[in-house]
Amino acid sequence: MKRFEPVIGLEVHVELLTETKLFCRCATAFGALPNEQVCEICLGLPGHRPLLNKKAVEYAIRAALALNCEIAEQIDFDRKNYFYCDLPKGYQISQFFNPTGTNGYVDMVVNGTARRIRIRQIHMEEDVGKLVHQGEIMGSATSRVDFNRAGIPLVEIVTQPDLRSAEEARIFLQKLRTILLYAGVSDCKMEEGSMRCDANVSLRPVGSGMLGNKTELKNMNSFRSVQRGIEHEIERQEEILEEGGHVIPETRHFDENRGLTRAMRSKFQAADYRCFPDPNIIPVIPDKDWVARIRESLPEMPDSRTARLTGLGLPPYDVEIITSDRELADFYDAACASYREAKTLSNWIMGEFVRLLNAGGMKVSESRVTPGQLAALLALVDNGVISGKSAKEVFEEMFATGKDAEAVITEKGLTQISDSGELEKIANKVIAANPAVVADFKNGKTKAIGFLVGQVMKETRGQANPQVVNKILAEKLNNC
Amino acid sequence: MTRDNLTVKELFCLYNRGAVTREELKVKVPEILEVIDNRYHAFISRATDFDPGVPPAYPCVAADNICTESLNTTCGSEMLLDYRSPFTASALDKARSSGFFLLGKTNLDEFGIGDCTGRSFFKTTFNPLSQDHLAGSGAAAVVAVGGAVAGFASDARGGLRQSASFCGLTGLKPTYGRVSRRGLIEYASSLDQVGVITAGVDDATFALRCISGPDSKDPASQESPPDQDSTASGFRVAVPEGWDRVSGLSAGVKSVFNKTLSLLAELKVEAAEVPFSYLPLVSITAAIIGATEAFSNLANYDGVRFGKRMSGDHLQDMYVKTRTAFFGRRVKEFLTFGAFVSSGGNYREYFLWAQQNRGAIQRRLMAILKDYDFLLLPTLPFTAPTLAESSGLVNGADVYTALANLAGLPAVTVPAGFDGRLPVGVQLIGRPFAEAALLKAAKLLEEQGGREVVAP
C-alpha cells in the first residue's frame, strides 16, 4: 500500500486556429521564412496600438463553452511584465484578472471509472517569439529571434489539482484534445507545439486534505511523454518523502531521452510580473445573443455522442474509436442516416475506411467517398447484389475515384449471380465433371460440397452468390 | 513690414495668397528655422525639403515622440538616437491631408516624462518671451515666435498645456479618443492624448478639426458625437474649491486667476466655487498611474530589436547596461518609481489606490459637469521656471492639468495675464467631446483677457 498519493494539475496552452494574430493582421500560417509575418504591432515598435482580433475572442469563448465554463461578463486583457528576448514589448498581453471562462469541467472514464476533472479557468494570451540558435544553446555565441510566432493567439486551460495519476493526466489531455478538435478551435498538435502541457505535481499522505510542495514540470512534447514525465516526477518525489526529505518547489525539465526530470537553471530571480490592466485594449462585453449563437454553433460534443452511439448498440471500443475524431463521427452519423445496421457500419468505417485513409495519409474530410455512397454499397451487399468480398474491392475503387458503388460494380462486372436458373446450369456442369467428389459426398463426407461450391465460384469468376450456390448444390446432390 | 522680418507663419500666409513664390519659401523658411533653433534650441530635427506643394499649406511642427516616416523620432532620448519609424502617426497623416506641412520635430522632456521642463537628452528649450526661462517644449517655443501655425504634441499629465501657458499660447488637449493615438509614443497610455499648441483659439479649433476622427488603427479613437452646444444662452463655470490652497501657488498666478473671475462676473457669467476635495491627490495619482504604465510601455527599449544597445556578458547584463546607459536620469527615476508602485507587494497600496482615486475624481468631475458647463482653474501654480528652478519643480506642476487626463476630458489653456514678463494661463475643462463649446468659451476668455495682457 502506497503511503503517498499524487496531486496533479495541468496547464495546457493551445494555439487558436485564427488566420491572423491576436492583436494585428499578420498571418499565423506555419512555415514562413523567419520574421516574414511581422508588423509594427507584433514587433512592439514604438507608437503601435494593439487591434484585438474578434475571431480569437469568439474561439476562446467557444473553447470555454466546450469545457462547460461560465463566460466572463467582460473580456479584458492585462499586461504581464517581464524581460526576455523572445518577448517583443517587454510584456505579454494575457488575461490575469478576468479569464474568459471559469468553473468548467471535463468528464472522462479512467479504467472503467467515471471521473470529473474541474477546469479552473481558460484565458487568452499572445504567444512569444522563437529563439533560434546555431548548434547547442549553451555553445552558441548569439541568439536569433523569429517573431513570426509572436502574437499568435493562445488559450491557456488550467485544471484544478484533480488528477491522481500520470495515466489520468494523459487520458485527460487526450480527452481535452478531442473536445477542442470537436469545437474546431485548434488543431492541437503536441508535436508541432500547437498544444503544450505543463504539469504541477505534488504528493501528499493518502487521505490527507493538505497539498504538498509542488514542482512545475515542463518540456513534455507528446501524450506519452506527459505520462512518462509525470511518472518519473512522482517517483522522484516519493523517494524524497520516503526518506523524510522536502520537495523543493521549482520548475523541472523532463529529459525524454534519459527518462528523468531535472531542475531548470533559474535565469532570473523570482518573477514579479506586475500585472495590470492593459490601458490600450478596450474591453469587450460579450452580449448574451452572441454567446448563445456560439453555443448553438458547437457540434454535438464527444460525451453526448458517445451516449447516443452506445444507445445504437455499438460496443464501447467502436464508440471510442468513432467519437475520437469528430469528422469520423460525423461520417458515421451521416452514413447511419441511410443505413441502419449500426455494427456493420462501424466495422466498415473502422476497418476498410480508416485503413484506406491511413494508407493514403488522408483526413476524413479529404475522402472522395461520401457517407451516402458507403451506405448505398452496404445496402447492395445486404440485398445480395454483390458479395461482401467483392464489396471490399468495390469500396477501394470508390475510395480512389469517388464513383458510386453501382457504377463500379457495372464497370467491373461484379454483379453477383443470384439467378438460380443460370447457377443450376453451372452446378450441373460441375457435378458432371467431378464424379469422385460427388461420390465422397454420398459416402457421408458432407464437407466435400465446399469444393464443388468453389468450382462454381471459379466458373462464375466469383460472381455467384455463395449462399444460393450452396443451396442449389445441396438440393441436387441429395436428389441424385 | 519688410519681407525680411516675416515669420514662417506669415510667409506661408503670403504663399497661400500667391504673394510669395515657392522658391522664396524654400529658401527663407529653413533660414528662419535655423535662427529659431539657434536661439531657443527648439528642434530635434528639421525637414530637408521645404516644398509645401499646392496651397493652401499651413506650417506645423510635431513633438519628437510622434512618429514620422520622413524624419527620425527620438522621443528626446539617446535610446532612440537614430530611430526612424516605419510609419507616420495617424493624426499627422490626417493633418497632412488637410494641408499641414511638417517643418520639423521639436524638443521635449525625454519620452515626455519630466513635467514640462522641455529638457531632452539633446537640449533644453528656452522661452522666447524670456530667455532666462524655460519654454516647456520646443513646439511651444516655435509657435510662440510664429514659426508654425500649430505644434502637435502629447499631453499625458498636462505638459502640452503647461508649455503653452509658459509661452502665452493656446494649448488644447482633446477628449480621450477624439484624436487617434496611433503613432504617438506615449508613456502613459491611459492618460496621453495628442493635442495642439497654437497662437490662438481659432487656430486650435482649425487644427483640431483636421486631426479628429476615428482611425481603424487606434481602437480607442471614436467618431465624435455631434457637438451639442449647451452654451448658446450663456454658460456656467465651476471653480473647484481649494484651488488657492495648492502648494507652490504663486501670488502672480493667483492674482491673474482672481482677475479672470472678476472678468467673468463683469460678463455676467456665473462662476461658483464647488466642493472638491481631490486636488491634493491629483499629482500623486497621475504619477502612480503614469509611472506604472511607463514602466511597461518603455520595456520595449531593451536593445533587442531597435534603438541603442550596449553589449553585455549575457542577456540580463545587456538589458541593464543598455537601459542604464541610454535612458536619462529623470526617466530612470520615473521608471523605478513605476516599478515600485506596481510591484506585487505594493500593487494594492499604490496602484490600486491610485485607480480608486482616479475613479472617484472622474465621478466627481462628471457630477460637477452635470450642473456646470466647464471647470475653471489656473493652468499651473507657477509661471515658466528658470533652468535652476526647474530641477525642484518636478512634482506638483500637474496639479490642475492632470485632472483632465485622469478623467479623459477635453481641456484648453488660454493666456489670461502676466506675472511680470511671464504669461499666466487659465484652463477650462469641458464635458466629453464638447470641444466646440469649450473652444467657444475659451475664445471669449481670450478676447476679454486680451485687455489685461500687456505685451512684455
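Residues numbered from 1 in each chain as written. Chains lettered and ligands numbered in written order. Predicted model: local features only at pLDDT ≥ 70, side-chain atom pairs only at ≥ 80, totals over all residues. Heavy atoms only, no water.

So, the environment of Leu-129 of chain B
All names here are of chain B. To keep things clear, this is the line we draw: For helices the rule is a DSSP run of H or I covering at least 4 residues; for strands it is a run of E covering at least 2, with both sets numbered from the N terminus onward. Contact criterion: two residues are considered in contact whenever any of their non-hydrogen atoms come within 4.5 Å of each other.
Inspection of the secondary structure puts Leu-129 in the loop between strand 4 (126–127) and strand 5 (130–134). For Leu-129 and Pro-423, which are 294 residues apart along the polypeptide, the C-alpha to C-alpha distance reads 8.4 Å. Sequence-distant contacts of Leu-129, defined by excluding residues within four places in its chain, comprise Ala-144, Cys-167, Phe-418, Arg-421 and Pro-423.

Description of the domain arrangement of chain A
Just so we agree on the cut-off: Each domain's extent was defined by an automatic or database domain assignment.
Per the domain assignment, the segments of chain A are domain 1 (4–289), domain 2 (299–412) and domain 3 (420–479). Placing a centre on the C-alpha atoms of domain 1 of chain A and another on those of domain 3 of chain A gives a separation of 69 Å.

Things to note about the side chain of Gln-160 of chain A
Turning to its location among the elements, Gln-160 of chain A is positioned in the loop between strand 9 (153–159) and helix 2 (166–183). If we ignore the near neighbours within four places in the chain, the residues touching Gln-160 of chain A are Ile-8, Gly-9, Arg-118 and Arg-120 of chain A.

Focus: the environment of Gly-99 of chain B
All names here are of chain B. Inclusion rule: Think of it in three bands: residues with accessible area under 20% of the maximum for their type are buried, residues over 50% are exposed, and the middle band is partly exposed, with areas taken using a 1.4 Å probe on protein chains only.
The topology assignment puts Gly-99 in the loop between helix 3 (90–97) and strand 3 (100–106). Exposure remark for Gly-99: the relative accessible area of 16% places this residue in the buried category. If sequence neighbours within four positions are ignored, Gly-99 has contacts with Pro-56, Ala-57 and Tyr-58.

Quick word on the interface of chain A and chain B
Put simply, the test is: The term buried area means the drop in 1.4 Å probe accessible area that two parts suffer when joined, counted for both and summed. Just to be clear on terms, a salt bridge is a Lys or Arg side-chain nitrogen sitting within 4 Å of an Asp or Glu carboxyl oxygen. Any pair of nitrogen or oxygen atoms within 3.5 Å is treated as a polar contact; in protein, a donor-acceptor pairing is required on top of that, and neighbouring residues in sequence qualify only through side-chain atoms on both sides.
Taken residue by residue, the interface counts 32 residues in chain A and 41 residues in chain B. Carbon and sulfur atoms supply 61% of the area buried between chain A and chain B, which totals about 2,800 Å² over both sides. For chain A, the biggest contributors to the area lost against chain B are Pro-46, Arg-49 and Phe-83 of chain A; these three give 25% of the whole. Taken together, the links from chain A to chain B amount to two salt bridges. For the interface between chain A and chain B, the tally reads 19 residue pairs in polar contact (both at pLDDT 80 or more). Counting residues per element, the ones that place at least two in the side of chain A that touches chain B are strand 3 (78–81) and strand 14 (276–277) of chain A.

Here we look at the sheet that holds strand 10 (residues 270–274) of chain B
Each strand in a sheet pairs with its neighbour through backbone hydrogen bonds, running either in the same direction (parallel) or in the opposite one (antiparallel). All names here are of chain B. Filter applied, for reference: In short, DSSP must find at least two bridges between two strands for them to pair. Orientation is described by axes fitted as lines to C-alpha atoms, over the contacting stretch for helices, and by angles from 0 to 180 degrees between their N-to-C directions.
Spatially, the eleven strands line up as an open sheet ordered 1-3-2-6-8-7-12-13-11-9-10, and their pairing is mixed. Because the sheet does not close on itself, it has two edges, and the strands there are strand 1 (43–46) and strand 10. Strand-to-strand, the axes of this sheet are offset by a mean angle of 30°, without reference to chain direction. With two bridges joining them, strand 9 (residues 236–240) and strand 11 (residues 374–378) adopt parallel strand pairing. Counted as the bridge partner of Ala-238 is Leu-375 from strand 11.

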